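Here is what each chain is made of, one letter per residue.
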Amino acid sequence: MKKLLLLLLLIGMTTPLFPGENSLSLEDKNMLDRLPGNSVGDIGIGSDSTLWIAAGGGIAKSTDFGKTWQIFRHDITDNFPRGSASALQVRGDTVWTATVFDSSTAQGDLSTGGGLARSFDAGSTWTYIPQPVDTTTYVDSMYVAYGDTSVLLNPPTTTNILNVTYDLAFEDSVVWIASWGGGIRRSLDYGNTWQRIPTPMDNMEYLSPNSIPDDYEIRLSSSSEGAEVENQKGFSVVLDGQDVWVGTSGGINHSTDGGLTWRRFHFGNSGISGNWILAAKKQSTAGGREYLWASTGQTFYQGEVSGISVYDYQTGQWRTSKEVRFANNFATSPMTGAVFAATDAGIFKTTDSGYSWEPFGTIYDKETGEPVYGASGSRGMLYSISALVGPSPTAAPERLWIGTTDGLAYTDNEYDWHVLRAFSSTSAEESENFYAYPNPFSPSRHNLLEDDGHVRFQYDMRASGSVTIRVYDFAMEKVADVVVDKSKSPGPASESWNGENLLGDVVANGVYFCKITVNENGQSRTHWTKLLVID
(Lines give C-alpha, C1' and ligand atoms only; values in the text may rest on other atoms or scores of the structure.)
Protein backbone atom coordinates (compact mmCIF):
# COMPACT_ATOMS: atom_id res chain seq x y z
CA MET A 1 0.00 0.00 0.00
CA LYS A 2 1.47 3.34 -1.00
CA LYS A 3 -0.61 5.26 1.42
CA LEU A 4 -2.42 4.76 4.59
CA LEU A 5 -5.44 4.46 5.09
CA LEU A 6 -8.74 4.22 6.13
CA LEU A 7 -8.56 7.15 8.51
CA LEU A 8 -7.54 9.56 5.79
CA LEU A 9 -10.31 8.31 3.55
CA LEU A 10 -12.82 8.76 6.32
CA ILE A 11 -11.53 12.28 6.92
CA GLY A 12 -11.98 13.06 3.26
CA MET A 13 -15.42 11.50 3.00
CA THR A 14 -17.05 12.77 6.18
CA THR A 15 -15.49 16.11 7.00
CA PRO A 16 -16.31 19.11 4.84
CA LEU A 17 -13.03 20.96 4.66
CA PHE A 18 -14.40 24.22 3.40
CA PRO A 19 -17.50 25.60 1.70
CA GLY A 20 -17.86 24.50 -1.88
CA GLU A 21 -14.90 22.14 -1.78
CA ASN A 22 -16.02 20.45 -4.94
CA SER A 23 -16.98 23.58 -6.84
CA LEU A 24 -15.38 23.84 -10.26
CA SER A 25 -14.08 27.06 -11.64
CA LEU A 26 -13.08 26.35 -15.23
CA GLU A 27 -15.44 25.95 -18.15
CA ASP A 28 -14.85 22.23 -18.38
CA LYS A 29 -16.78 20.70 -15.48
CA ASN A 30 -13.97 18.22 -14.93
CA MET A 31 -11.29 20.91 -14.62
CA LEU A 32 -10.22 22.89 -11.58
CA ASP A 33 -7.65 25.66 -11.24
CA ARG A 34 -6.65 24.58 -7.77
CA LEU A 35 -6.03 21.38 -5.85
CA PRO A 36 -9.26 19.29 -5.80
CA GLY A 37 -8.94 18.33 -2.11
CA ASN A 38 -6.58 18.88 0.79
CA SER A 39 -6.21 15.23 1.78
CA VAL A 40 -3.77 13.75 -0.75
CA GLY A 41 -3.49 10.02 -0.20
CA ASP A 42 -1.29 8.90 -3.08
CA ILE A 43 0.79 10.32 -5.94
CA GLY A 44 1.93 8.93 -9.28
CA ILE A 45 3.82 10.12 -12.35
CA GLY A 46 2.70 9.22 -15.86
CA SER A 47 3.82 10.04 -19.39
CA ASP A 48 5.14 13.54 -20.10
CA SER A 49 5.57 14.21 -16.36
CA THR A 50 1.81 14.07 -15.79
CA LEU A 51 1.15 14.20 -12.06
CA TRP A 52 -1.63 12.02 -10.64
CA ILE A 53 -3.04 12.29 -7.11
CA ALA A 54 -5.72 10.56 -5.07
CA ALA A 55 -7.73 13.41 -3.52
CA GLY A 56 -11.07 15.15 -3.58
CA GLY A 57 -13.27 12.06 -3.58
CA GLY A 58 -11.56 10.53 -6.60
CA ILE A 59 -8.33 11.01 -8.50
CA ALA A 60 -6.97 13.93 -10.52
CA LYS A 61 -4.17 14.62 -12.96
CA SER A 62 -2.15 17.71 -13.77
CA THR A 63 -0.14 18.19 -16.93
CA ASP A 64 1.29 21.54 -15.78
CA PHE A 65 2.93 20.58 -12.47
CA GLY A 66 -0.10 21.35 -10.30
CA LYS A 67 -1.47 24.57 -11.80
CA THR A 68 -4.67 22.96 -13.11
CA TRP A 69 -6.26 19.62 -12.43
CA GLN A 70 -8.56 17.29 -14.34
CA ILE A 71 -10.81 15.41 -11.95
CA PHE A 72 -12.09 11.86 -12.25
CA ARG A 73 -14.99 10.95 -9.96
CA HIS A 74 -17.98 8.66 -10.05
CA ASP A 75 -20.46 11.53 -10.45
CA ILE A 76 -18.67 13.25 -13.35
CA THR A 77 -16.65 10.49 -15.06
CA ASP A 78 -18.13 7.66 -17.09
CA ASN A 79 -17.35 4.17 -15.81
CA PHE A 80 -15.53 5.44 -12.73
CA PRO A 81 -16.27 3.62 -9.45
CA ARG A 82 -18.06 5.17 -6.52
CA GLY A 83 -16.12 6.43 -3.50
CA SER A 84 -12.70 7.81 -2.61
CA ALA A 85 -9.52 6.34 -4.04
CA SER A 86 -7.96 3.69 -1.83
CA ALA A 87 -5.22 2.68 -4.28
CA LEU A 88 -3.55 4.24 -7.32
CA GLN A 89 -0.79 3.18 -9.69
CA VAL A 90 0.38 4.85 -12.88
CA ARG A 91 2.71 3.61 -15.64
CA GLY A 92 2.94 5.75 -18.74
CA ASP A 93 -0.60 6.36 -19.95
CA THR A 94 -2.02 3.40 -18.04
CA VAL A 95 -3.75 4.15 -14.75
CA TRP A 96 -5.35 1.78 -12.26
CA THR A 97 -7.29 2.86 -9.20
CA ALA A 98 -9.52 1.29 -6.54
CA THR A 99 -12.13 3.03 -4.40
CA VAL A 100 -13.87 2.74 -1.04
CA PHE A 101 -17.07 4.14 0.47
CA ASP A 102 -19.12 3.65 3.62
CA SER A 103 -22.17 1.37 3.79
CA SER A 104 -24.82 1.55 6.50
CA THR A 105 -25.26 -1.87 8.07
CA ALA A 106 -26.75 -3.34 11.24
CA GLN A 107 -23.21 -3.14 12.64
CA GLY A 108 -22.95 0.55 11.78
CA ASP A 109 -21.11 2.21 8.91
CA LEU A 110 -18.61 -0.21 7.36
CA SER A 111 -15.98 0.37 4.68
CA THR A 112 -17.00 -1.07 1.34
CA GLY A 113 -14.93 -1.77 -1.75
CA GLY A 114 -16.18 0.40 -4.60
CA GLY A 115 -14.43 -1.57 -7.32
CA LEU A 116 -11.58 -0.72 -9.67
CA ALA A 117 -11.10 1.31 -12.83
CA ARG A 118 -8.45 1.22 -15.50
CA SER A 119 -7.51 3.61 -18.25
CA PHE A 120 -5.07 2.96 -21.08
CA ASP A 121 -5.20 6.52 -22.44
CA ALA A 122 -4.29 8.74 -19.48
CA GLY A 123 -7.87 9.08 -18.31
CA SER A 124 -9.62 9.82 -21.61
CA THR A 125 -11.69 6.64 -21.20
CA TRP A 126 -12.20 4.30 -18.26
CA THR A 127 -13.29 0.73 -17.77
CA TYR A 128 -15.11 -0.13 -14.56
CA ILE A 129 -14.26 -3.41 -12.86
CA PRO A 130 -16.55 -4.58 -10.02
CA GLN A 131 -14.90 -5.28 -6.68
CA PRO A 132 -13.56 -8.84 -7.04
CA VAL A 133 -15.40 -11.40 -4.91
CA ASP A 134 -15.53 -15.18 -4.87
CA THR A 135 -18.39 -17.03 -6.51
CA THR A 136 -21.67 -16.87 -4.63
CA THR A 137 -22.39 -20.48 -5.54
CA TYR A 138 -20.58 -21.62 -2.42
CA VAL A 139 -21.25 -19.86 0.85
CA ASP A 140 -19.47 -21.98 3.47
CA SER A 141 -16.34 -23.14 1.65
CA MET A 142 -14.95 -23.92 -1.76
CA TYR A 143 -11.74 -25.04 -3.42
CA VAL A 144 -9.57 -22.73 -5.48
CA ALA A 145 -6.78 -23.62 -7.88
CA TYR A 146 -3.20 -23.52 -6.63
CA GLY A 147 -0.59 -24.60 -9.16
CA ASP A 148 -1.59 -28.06 -10.33
CA THR A 149 -3.68 -28.72 -7.24
CA SER A 150 -6.29 -26.87 -5.18
CA VAL A 151 -6.71 -25.56 -1.62
CA LEU A 152 -9.69 -24.89 0.62
CA LEU A 153 -11.10 -21.36 0.80
CA ASN A 154 -13.08 -21.09 4.01
CA PRO A 155 -15.28 -19.11 3.70
CA PRO A 156 -15.44 -17.38 0.30
CA THR A 157 -15.74 -13.60 0.23
CA THR A 158 -19.09 -12.87 -1.37
CA THR A 159 -19.60 -9.21 -0.42
CA ASN A 160 -17.96 -5.84 -1.04
CA ILE A 161 -18.43 -4.84 2.61
CA LEU A 162 -15.04 -4.81 4.37
CA ASN A 163 -13.63 -6.05 1.06
CA VAL A 164 -11.50 -2.97 0.39
CA THR A 165 -8.48 -2.90 -1.92
CA TYR A 166 -5.65 -1.03 -0.20
CA ASP A 167 -2.97 -1.51 -2.84
CA LEU A 168 -2.52 -2.69 -6.39
CA ALA A 169 0.32 -3.29 -8.80
CA PHE A 170 0.34 -4.07 -12.49
CA GLU A 171 2.58 -4.89 -15.44
CA ASP A 172 0.88 -5.15 -18.82
CA SER A 173 -2.05 -7.58 -18.41
CA VAL A 174 -0.99 -8.80 -14.95
CA VAL A 175 -2.69 -7.06 -12.03
CA TRP A 176 -2.34 -7.77 -8.31
CA ILE A 177 -4.59 -6.40 -5.58
CA ALA A 178 -4.23 -6.57 -1.79
CA SER A 179 -7.54 -6.36 0.04
CA TRP A 180 -8.51 -6.61 3.69
CA GLY A 181 -11.54 -8.87 3.67
CA GLY A 182 -10.97 -9.87 0.07
CA GLY A 183 -7.51 -11.37 0.35
CA ILE A 184 -4.74 -11.45 -2.23
CA ARG A 185 -5.87 -11.74 -5.85
CA ARG A 186 -4.27 -11.72 -9.28
CA SER A 187 -5.62 -11.14 -12.75
CA LEU A 188 -3.78 -12.20 -15.89
CA ASP A 189 -6.21 -10.53 -18.31
CA TYR A 190 -6.39 -6.84 -17.33
CA GLY A 191 -8.87 -7.47 -14.51
CA ASN A 192 -11.49 -9.35 -16.47
CA THR A 193 -11.06 -12.45 -14.29
CA TRP A 194 -9.40 -12.92 -10.91
CA GLN A 195 -7.90 -15.76 -8.95
CA ARG A 196 -7.20 -16.12 -5.25
CA ILE A 197 -3.52 -16.32 -4.33
CA PRO A 198 -2.73 -18.59 -1.36
CA THR A 199 -0.09 -17.33 1.09
CA PRO A 200 1.35 -19.13 4.13
CA MET A 201 -0.86 -19.50 7.18
CA ASP A 202 0.18 -17.71 10.37
CA ASN A 203 2.02 -20.79 11.65
CA MET A 204 3.96 -21.30 8.39
CA GLU A 205 7.11 -19.77 6.88
CA TYR A 206 6.92 -21.36 3.42
CA LEU A 207 4.19 -22.44 1.02
CA SER A 208 4.38 -24.23 -2.31
CA PRO A 209 2.01 -26.52 -4.23
CA ASN A 210 4.35 -29.42 -3.41
CA SER A 211 4.21 -28.96 0.36
CA ILE A 212 0.70 -28.07 1.44
CA PRO A 213 -0.16 -29.10 5.01
CA ASP A 214 -3.31 -31.19 5.47
CA ASP A 215 -4.93 -28.45 7.54
CA TYR A 216 -4.08 -25.63 5.10
CA GLU A 217 -6.86 -23.26 4.13
CA ILE A 218 -7.28 -19.68 3.02
CA ARG A 219 -9.20 -18.07 5.84
CA LEU A 220 -9.79 -14.41 6.61
CA SER A 221 -11.56 -14.90 9.94
CA SER A 222 -10.37 -16.83 12.99
CA SER A 223 -11.23 -20.52 13.08
CA SER A 224 -13.26 -22.15 15.86
CA GLU A 225 -9.92 -23.14 17.40
CA GLY A 226 -8.92 -19.46 17.45
CA ALA A 227 -6.17 -19.82 14.85
CA GLU A 228 -5.03 -16.41 13.66
CA VAL A 229 -5.29 -15.63 9.97
CA GLU A 230 -3.51 -12.31 9.64
CA ASN A 231 -1.25 -13.39 6.78
CA GLN A 232 -4.21 -13.63 4.39
CA LYS A 233 -5.30 -10.00 4.88
CA GLY A 234 -3.64 -7.88 2.21
CA PHE A 235 -2.39 -4.34 2.66
CA SER A 236 0.46 -3.87 0.16
CA VAL A 237 1.86 -5.46 -2.98
CA VAL A 238 5.01 -4.92 -5.06
CA LEU A 239 5.39 -6.42 -8.55
CA ASP A 240 8.60 -6.58 -10.59
CA GLY A 241 8.27 -9.34 -13.17
CA GLN A 242 8.38 -12.67 -11.36
CA ASP A 243 9.56 -10.91 -8.18
CA VAL A 244 6.44 -10.33 -6.02
CA TRP A 245 6.07 -9.06 -2.45
CA VAL A 246 2.76 -9.15 -0.57
CA GLY A 247 2.40 -7.33 2.75
CA THR A 248 -0.27 -8.40 5.22
CA SER A 249 -1.04 -7.93 8.90
CA GLY A 250 0.89 -11.15 9.51
CA GLY A 251 4.19 -10.19 7.89
CA ILE A 252 5.54 -9.89 4.37
CA ASN A 253 5.67 -12.66 1.75
CA HIS A 254 8.19 -13.01 -1.07
CA SER A 255 7.81 -14.97 -4.29
CA THR A 256 10.40 -15.19 -7.05
CA ASP A 257 8.24 -17.26 -9.41
CA GLY A 258 5.33 -14.93 -10.00
CA GLY A 259 3.33 -15.89 -6.90
CA LEU A 260 3.43 -19.70 -6.92
CA THR A 261 5.78 -20.38 -4.00
CA TRP A 262 6.20 -18.11 -1.01
CA ARG A 263 8.56 -17.38 1.84
CA ARG A 264 7.04 -15.51 4.74
CA PHE A 265 9.04 -13.04 6.84
CA HIS A 266 7.60 -11.92 10.16
CA PHE A 267 8.63 -10.35 13.46
CA GLY A 268 9.49 -13.72 14.95
CA ASN A 269 11.82 -15.00 12.21
CA SER A 270 13.47 -11.94 10.69
CA GLY A 271 14.68 -8.44 11.47
CA ILE A 272 11.45 -6.61 10.72
CA SER A 273 10.10 -4.43 13.53
CA GLY A 274 6.43 -5.40 13.21
CA ASN A 275 4.02 -7.54 11.24
CA TRP A 276 1.63 -4.93 9.81
CA ILE A 277 3.01 -4.11 6.35
CA LEU A 278 1.29 -0.89 5.38
CA ALA A 279 3.53 -0.03 2.44
CA ALA A 280 6.48 -1.41 0.49
CA LYS A 281 8.70 -0.22 -2.34
CA LYS A 282 11.52 -1.84 -4.29
CA GLN A 283 14.68 0.15 -4.95
CA SER A 284 17.30 -0.61 -7.59
CA THR A 285 20.39 1.55 -7.16
CA ALA A 286 22.80 2.83 -9.78
CA GLY A 287 25.41 0.57 -8.21
CA GLY A 288 23.39 -2.53 -8.92
CA ARG A 289 22.09 -3.15 -5.39
CA GLU A 290 18.44 -3.92 -4.73
CA TYR A 291 16.44 -3.24 -1.57
CA LEU A 292 12.86 -3.69 -0.45
CA TRP A 293 11.68 -0.94 1.88
CA ALA A 294 8.69 -1.77 4.07
CA SER A 295 6.52 -0.06 6.64
CA THR A 296 6.50 -2.60 9.46
CA GLY A 297 3.81 -1.59 11.93
CA GLN A 298 3.14 -2.96 15.38
CA THR A 299 0.37 -5.55 15.74
CA PHE A 300 -0.15 -7.53 18.94
CA TYR A 301 3.06 -9.43 19.59
CA GLN A 302 5.23 -8.41 22.52
CA GLY A 303 8.37 -6.61 21.42
CA GLU A 304 7.00 -5.30 18.13
CA VAL A 305 7.40 -1.61 17.34
CA SER A 306 6.26 0.42 14.37
CA GLY A 307 9.06 1.35 12.04
CA ILE A 308 10.80 1.04 8.71
CA SER A 309 12.52 -2.22 7.77
CA VAL A 310 14.70 -2.95 4.76
CA TYR A 311 15.49 -6.18 2.90
CA ASP A 312 18.85 -6.47 1.16
CA TYR A 313 18.55 -8.70 -1.91
CA GLN A 314 22.30 -9.36 -1.83
CA THR A 315 22.38 -10.70 1.73
CA GLY A 316 18.83 -12.01 1.85
CA GLN A 317 18.44 -10.40 5.27
CA TRP A 318 16.05 -7.95 6.87
CA ARG A 319 16.97 -5.31 9.42
CA THR A 320 14.97 -2.68 11.25
CA SER A 321 16.14 0.63 9.84
CA LYS A 322 14.21 3.09 11.97
CA GLU A 323 11.58 3.08 14.67
CA VAL A 324 8.94 5.65 13.76
CA ARG A 325 5.21 6.14 13.80
CA PHE A 326 3.67 4.47 10.80
CA ALA A 327 5.34 4.93 7.43
CA ASN A 328 2.65 5.35 4.79
CA ASN A 329 4.73 5.53 1.65
CA PHE A 330 8.27 5.55 0.24
CA ALA A 331 9.90 7.44 -2.60
CA THR A 332 13.33 6.85 -4.11
CA SER A 333 15.60 9.12 -6.11
CA PRO A 334 16.96 7.45 -9.26
CA MET A 335 19.70 10.10 -9.42
CA THR A 336 21.01 10.17 -5.84
CA GLY A 337 19.77 6.86 -4.45
CA ALA A 338 18.15 8.69 -1.54
CA VAL A 339 15.06 7.16 0.04
CA PHE A 340 12.25 9.28 1.46
CA ALA A 341 9.73 7.95 3.95
CA ALA A 342 6.35 9.64 4.44
CA THR A 343 5.31 8.85 8.01
CA ASP A 344 2.79 9.89 10.61
CA ALA A 345 5.67 11.83 12.19
CA GLY A 346 6.71 13.65 9.01
CA ILE A 347 9.15 13.16 6.15
CA PHE A 348 12.50 11.41 6.66
CA LYS A 349 15.39 10.88 4.26
CA THR A 350 18.27 8.43 4.16
CA THR A 351 21.28 8.38 1.87
CA ASP A 352 23.13 5.48 3.50
CA SER A 353 20.75 2.56 2.95
CA GLY A 354 18.75 3.38 6.05
CA TYR A 355 21.50 3.42 8.69
CA SER A 356 20.66 7.05 9.47
CA TRP A 357 17.60 9.17 8.72
CA GLU A 358 17.32 12.93 8.50
CA PRO A 359 13.97 14.50 9.53
CA PHE A 360 12.56 17.33 7.46
CA GLY A 361 10.62 18.75 10.42
CA THR A 362 7.73 21.13 9.95
CA ILE A 363 7.31 22.22 6.36
CA TYR A 364 6.55 25.88 5.72
CA ASP A 365 5.20 27.39 2.52
CA LYS A 366 7.89 29.69 1.12
CA GLU A 367 5.30 32.12 -0.30
CA THR A 368 3.02 32.51 2.74
CA GLY A 369 5.13 31.31 5.65
CA GLU A 370 2.26 29.06 6.71
CA PRO A 371 3.13 25.60 8.02
CA VAL A 372 1.72 22.36 6.73
CA TYR A 373 -0.50 21.01 9.48
CA GLY A 374 -1.16 17.43 10.48
CA ALA A 375 -4.35 15.68 11.52
CA SER A 376 -5.00 13.56 14.57
CA GLY A 377 -5.69 9.88 14.18
CA SER A 378 -5.81 6.67 16.15
CA ARG A 379 -2.10 6.16 15.35
CA GLY A 380 -1.09 9.65 16.44
CA MET A 381 -0.60 12.67 14.24
CA LEU A 382 -0.88 12.05 10.51
CA TYR A 383 1.53 14.38 8.80
CA SER A 384 2.74 13.01 5.51
CA ILE A 385 0.84 10.37 3.62
CA SER A 386 2.67 9.95 0.36
CA ALA A 387 5.87 10.94 -1.37
CA LEU A 388 7.19 10.82 -4.90
CA VAL A 389 10.34 11.93 -6.68
CA GLY A 390 9.66 13.12 -10.21
CA PRO A 391 10.83 15.51 -12.91
CA SER A 392 11.00 19.23 -12.25
CA PRO A 393 10.12 22.01 -14.72
CA THR A 394 12.97 24.10 -13.30
CA ALA A 395 16.71 23.62 -13.65
CA ALA A 396 16.61 21.28 -10.67
CA PRO A 397 17.23 17.66 -11.68
CA GLU A 398 14.23 16.32 -9.78
CA ARG A 399 11.31 17.39 -7.60
CA LEU A 400 10.09 15.85 -4.32
CA TRP A 401 6.32 15.82 -3.85
CA ILE A 402 4.55 14.98 -0.60
CA GLY A 403 0.86 14.48 0.05
CA THR A 404 -0.59 15.42 3.44
CA THR A 405 -3.94 16.02 5.10
CA ASP A 406 -3.22 19.73 4.57
CA GLY A 407 -2.50 19.83 0.86
CA LEU A 408 0.20 18.89 -1.63
CA ALA A 409 3.75 20.24 -1.24
CA TYR A 410 6.84 20.14 -3.41
CA THR A 411 10.47 21.18 -3.28
CA ASP A 412 13.29 21.32 -5.82
CA ASN A 413 16.05 21.73 -3.25
CA GLU A 414 14.69 20.04 -0.08
CA TYR A 415 14.68 23.44 1.62
CA ASP A 416 12.21 25.76 -0.09
CA TRP A 417 8.72 24.27 -0.09
CA HIS A 418 5.70 25.30 -2.09
CA VAL A 419 2.27 24.23 -0.88
CA LEU A 420 -0.83 23.69 -3.02
CA ARG A 421 -4.15 23.70 -1.20
CA ALA A 422 -7.81 23.42 -2.07
CA PHE A 423 -10.02 26.37 -1.21
CA SER A 424 -13.23 27.96 -2.34
CA SER A 425 -12.70 31.32 -4.02
CA THR A 426 -13.72 34.43 -2.10
CA SER A 427 -13.30 36.72 -5.11
CA ALA A 428 -15.86 35.29 -7.52
CA GLU A 429 -19.33 36.79 -7.82
CA GLU A 430 -21.89 35.36 -5.37
CA SER A 431 -19.13 33.71 -3.35
CA GLU A 432 -18.54 34.29 0.33
CA ASN A 433 -15.99 37.06 0.94
CA PHE A 434 -14.73 35.52 4.16
CA TYR A 435 -15.11 32.07 5.70
CA ALA A 436 -13.48 29.69 8.15
CA TYR A 437 -12.53 26.05 7.59
CA PRO A 438 -12.76 23.42 8.86
CA ASN A 439 -16.08 24.47 10.34
CA PRO A 440 -17.01 23.03 12.83
CA PHE A 441 -13.49 23.27 14.21
CA SER A 442 -11.92 21.00 16.81
CA PRO A 443 -8.81 22.56 18.44
CA SER A 444 -7.58 19.10 19.44
CA ARG A 445 -8.03 17.36 16.06
CA HIS A 446 -7.86 19.70 13.11
CA ASN A 447 -4.70 21.05 11.47
CA LEU A 448 -2.33 20.02 14.25
CA LEU A 449 1.09 21.51 14.86
CA GLU A 450 2.84 20.61 18.12
CA ASP A 451 -0.50 19.43 19.55
CA ASP A 452 -2.28 22.72 18.76
CA GLY A 453 -5.15 22.66 16.29
CA HIS A 454 -5.74 25.45 13.80
CA VAL A 455 -8.64 26.86 11.81
CA ARG A 456 -8.06 28.88 8.64
CA PHE A 457 -9.79 32.09 7.63
CA GLN A 458 -9.95 32.46 3.86
CA TYR A 459 -10.30 35.85 2.15
CA ASP A 460 -9.10 37.78 -0.87
CA MET A 461 -6.96 40.91 -1.20
CA ARG A 462 -8.00 43.05 -4.17
CA ALA A 463 -4.91 45.26 -3.78
CA SER A 464 -1.94 45.59 -1.46
CA GLY A 465 -3.00 46.63 2.02
CA SER A 466 -3.50 45.32 5.52
CA VAL A 467 -5.90 42.99 7.28
CA THR A 468 -7.23 42.58 10.82
CA ILE A 469 -9.18 39.51 11.97
CA ARG A 470 -10.80 39.29 15.41
CA VAL A 471 -12.98 36.65 17.07
CA TYR A 472 -15.94 37.44 19.37
CA ASP A 473 -18.11 35.24 21.57
CA PHE A 474 -21.91 35.14 21.68
CA ALA A 475 -21.96 38.19 23.98
CA MET A 476 -19.79 40.01 21.43
CA GLU A 477 -16.90 40.11 23.86
CA LYS A 478 -13.57 39.97 22.03
CA VAL A 479 -11.99 36.53 22.36
CA ALA A 480 -8.89 36.73 20.15
CA ASP A 481 -6.88 38.91 17.79
CA VAL A 482 -5.95 36.56 14.97
CA VAL A 483 -3.98 39.22 13.06
CA VAL A 484 -3.85 43.00 13.47
CA ASP A 485 -2.92 45.31 10.58
CA LYS A 486 -0.98 42.57 8.84
CA SER A 487 0.43 43.66 5.49
CA LYS A 488 -0.73 41.59 2.54
CA SER A 489 -0.25 41.43 -1.22
CA PRO A 490 -3.08 41.06 -3.75
CA GLY A 491 -4.62 37.62 -4.26
CA PRO A 492 -6.20 34.78 -2.28
CA ALA A 493 -5.00 34.69 1.32
CA SER A 494 -5.64 32.92 4.59
CA GLU A 495 -4.77 33.29 8.26
CA SER A 496 -4.86 30.60 10.94
CA TRP A 497 -5.98 30.61 14.59
CA ASN A 498 -5.19 27.98 17.21
CA GLY A 499 -8.47 28.39 19.07
CA GLU A 500 -6.91 30.09 22.12
CA ASN A 501 -8.38 33.17 23.75
CA LEU A 502 -6.53 36.28 24.92
CA LEU A 503 -5.49 34.42 28.10
CA GLY A 504 -3.95 31.55 26.17
CA ASP A 505 -6.71 29.06 27.01
CA VAL A 506 -8.58 27.01 24.40
CA VAL A 507 -12.01 28.52 23.96
CA ALA A 508 -15.13 26.70 25.08
CA ASN A 509 -17.38 24.89 22.66
CA GLY A 510 -19.89 27.17 20.99
CA VAL A 511 -20.57 29.62 18.19
CA TYR A 512 -18.09 32.45 17.59
CA PHE A 513 -18.36 35.49 15.36
CA CYS A 514 -15.31 36.34 13.28
CA LYS A 515 -14.74 39.79 11.77
CA ILE A 516 -12.28 40.74 9.05
CA THR A 517 -11.36 44.34 8.23
CA VAL A 518 -9.47 44.83 4.99
CA ASN A 519 -7.79 48.14 4.16
CA GLU A 520 -6.91 48.62 0.48
CA ASN A 521 -6.15 51.84 -1.41
CA GLY A 522 -7.29 53.98 1.51
CA GLN A 523 -10.65 52.24 1.74
CA SER A 524 -11.90 49.75 4.27
CA ARG A 525 -14.32 46.84 3.98
CA THR A 526 -15.60 44.50 6.67
CA HIS A 527 -17.02 40.99 6.50
CA TRP A 528 -18.29 38.58 9.15
CA THR A 529 -18.49 34.82 9.38
CA LYS A 530 -19.58 32.33 12.04
CA LEU A 531 -17.38 29.59 13.44
CA LEU A 532 -18.59 26.59 15.44
CA VAL A 533 -16.04 25.19 17.89
CA ILE A 534 -16.65 21.58 18.97
CA ASP A 535 -13.82 19.85 20.73
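Along each chain, residue indices are assigned from 1 in the same order as the chain's sequence is written. Selection of residues for local features in this predicted model requires a pLDDT of at least 70, selection of side-chain atom pairs for listing and counting requires 80 or more, and totals for whole chains, interfaces and linings are taken over all residues. Note that the side-chain values use all heavy atoms of the structure and ignore hydrogens as well as water.

A. Seen up close, the sheet that holds strand 23 (residues 290-297). In spatial order, the strands read 22-23-24-25; together these 4 strands make up an open sheet with antiparallel pairing. Unpaired on one side and paired on the other, strand 22 (276-284) and strand 25 (317-323) mark the two borders of the sheet. Across this sheet, the average inter-strand angle for adjacent strands is 25 degrees, counted without regard to direction. Inspection of the sheet shows strand 22 paired to strand 23 by 7 bridges, in the antiparallel sense. Paired with serine 284 across the two strands is glutamate 290, which belongs to strand 23. One requirement defines pairing of two strands: DSSP has to find at least two bridges between them. Helix and strand assignments come from DSSP, with helices taken as H or I runs of at least 4 residues and strands as E runs of at least 2, each series counted from the N terminus. Axis lines are fitted through C-alpha atoms, for helices just across the contact stretch, and the angle between N-to-C directions can take any value from 0 to 180 degrees.

B. Structural view of the nonpolar core. With 23 residues, the main nonpolar core has Phe457, Tyr459, Ile469, Val471, Trp497 and Leu531 as its most contacted residues. Going through the elements one at a time, strand 37 (455-461), strand 38 (465-472), strand 39 (478-488), strand 40 (491-497), strand 41 (510-520) and strand 42 (523-533) are the ones with two or more residues in this core. Whether two residues touch is decided by their heavy atoms; if any such pair falls within 4.5 Å, the residues are in contact. Non-local contacts of tryptophan 497, meaning those with residues more than four positions away in its chain, are made with Phe441, Gly453, His454, Val455, Phe457, Val471, Val479, Ala480, Val482, Val507 and Leu531. Buried Ala, Val, Leu, Ile, Met, Phe, Trp, Tyr and Cys residues form a nonpolar core when they are joined through side-chain atoms within 4.5 Å. With a 1.4 Å probe rolled over the protein chains alone, any residue whose accessible area is under 20% of its type maximum counts as buried; one over 50% counts as exposed, and the rest are partly exposed. Ala178, Leu207, Leu239 and Trp262 belong to the second-largest nonpolar core, a separate cluster that totals 20 residues.

C. Just the environment of tyrosine 128, in detail. By the element assignment, tyrosine 128 lies in strand 9 (residues 127-129). With a relative accessible area of 40%, tyrosine 128 lands in the partly exposed category. As a C-alpha pair, tyrosine 128 and alanine 117 span 11 residues in sequence and 4.6 Å in three-dimensional space. Setting aside chain neighbours within four positions, we find tyrosine 128 in contact with Asn79, Pro81, Gly114, Gly115 and Leu116.

D. Quick peek at unusual backbone geometry. Note the cis peptide between asparagine 154 and proline 155, where omega equals 0 degrees. Residue tyrosine 437 is joined to proline 438 through a cis peptide bond whose omega torsion reads -5 degrees. With respect to the secondary-structure elements, proline 438 resides in the loop between strand 36 (435-437) and strand 37. Backbone geometry places serine 49, a non-glycine residue, at a positive phi of 60 degrees. With respect to the element layout, serine 49 can be found in the loop between strand 2 (42-45) and strand 3 (51-55). Positive phi outside glycine occurs at asparagine 521, with the angle close to 50 degrees. Summarising the element assignment, asparagine 521 is placed in the loop between strand 41 and strand 42.

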